[in-house]
Amino acid sequence: MIKALGEKFRENPTALGVVNPNVIVEVFVSDQGTWTILASDTRGQSCVVSVGEGWESAVTTAALPGA
């Protein structure tokens, strides 16, 4: 599935999180803003949780005191 996301949609891994010892959630995003969220288990099975368009990465900038 990861290969297909890269080849068909040009989506690359952007983030991941551990749900529990057996499942991780992965976010794949393309330069065009399409995105896919997968849940994958330790047996190698994946499930598409959600897909969409218009992905924007949040950028946090620390402010200096007094600025």
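J.: Sorry, what's going on with the pattern of salt bridges here?
T.: Two side chains carrying opposite charge are able to pair once their charged atoms lie near each other. One pass over the structure, following the stated rule, counts two salt bridges. Between Lys-3 and Glu-7 there is a salt bridge; the shortest N-O distance is 4.0 Å. In this pair, Lys-3 and Glu-7 both sit in helix H1 (residues 2-9), four residues apart, roughly one turn of the helix. Notably, a salt bridge pairs Asp-41 with Arg-43, separated by 3.1 Å at the nearest N-O pair.

J.: Is there a simple way to explain the pairing of strand S2 (residues 23-29) in this structure?
T.: The sheet contact formed by strand S1 (residues 12-20) and S2 spans seven bridges and is antiparallel. When the bridges of S2 are listed, Ala-15 appears paired with Val-27. As paired strands, S2 and strand S3 (residues 35-41) are joined by seven bridges and run antiparallel to one another. By the bridge assignment for S3, Glu-26 is matched with Leu-38. Hairpin connection of S2 to S3: five residues between the antiparallel strands, including Gly-33 at a positive phi of 100°.

J.: Explain the environment of Thr-36 here, please?
T.: Positionally, Thr-36 belongs in strand S3. In the structure, Thr-36 is positioned 30 residues away from Gly-6 in sequence and 11 Å away in space, judged by C-alpha atoms. Not counting chain neighbours up to four residues away, the residues in contact with Thr-36 comprise Leu-5, Glu-11, Glu-26, Val-27, Phe-28, Val-48, Ser-50 and Val-51. At 2.7 Å, the side chain of Thr-36 forms a polar contact with the side chain of Glu-11.

Here is what the cut-offs are and how they apply
Residues numbered from 1 in each chain as written. Predicted model: local features only at pLDDT ≥ 70, side-chain atom pairs only at ≥ 80, totals over all residues. Heavy atoms only, no water. Salt bridge = Lys/Arg side-chain N within 4 Å of Asp/Glu carboxyl O. Helix = DSSP H or I, 4+ residues; strand = E, 2+ residues; numbered from the N terminus. Pairing = 2+ DSSP bridges. Contact = heavy atoms within 4.5 Å. Polar contact = N/O pair within 3.5 Å; in protein donor to acceptor, adjacent residues only side chain to side chain.

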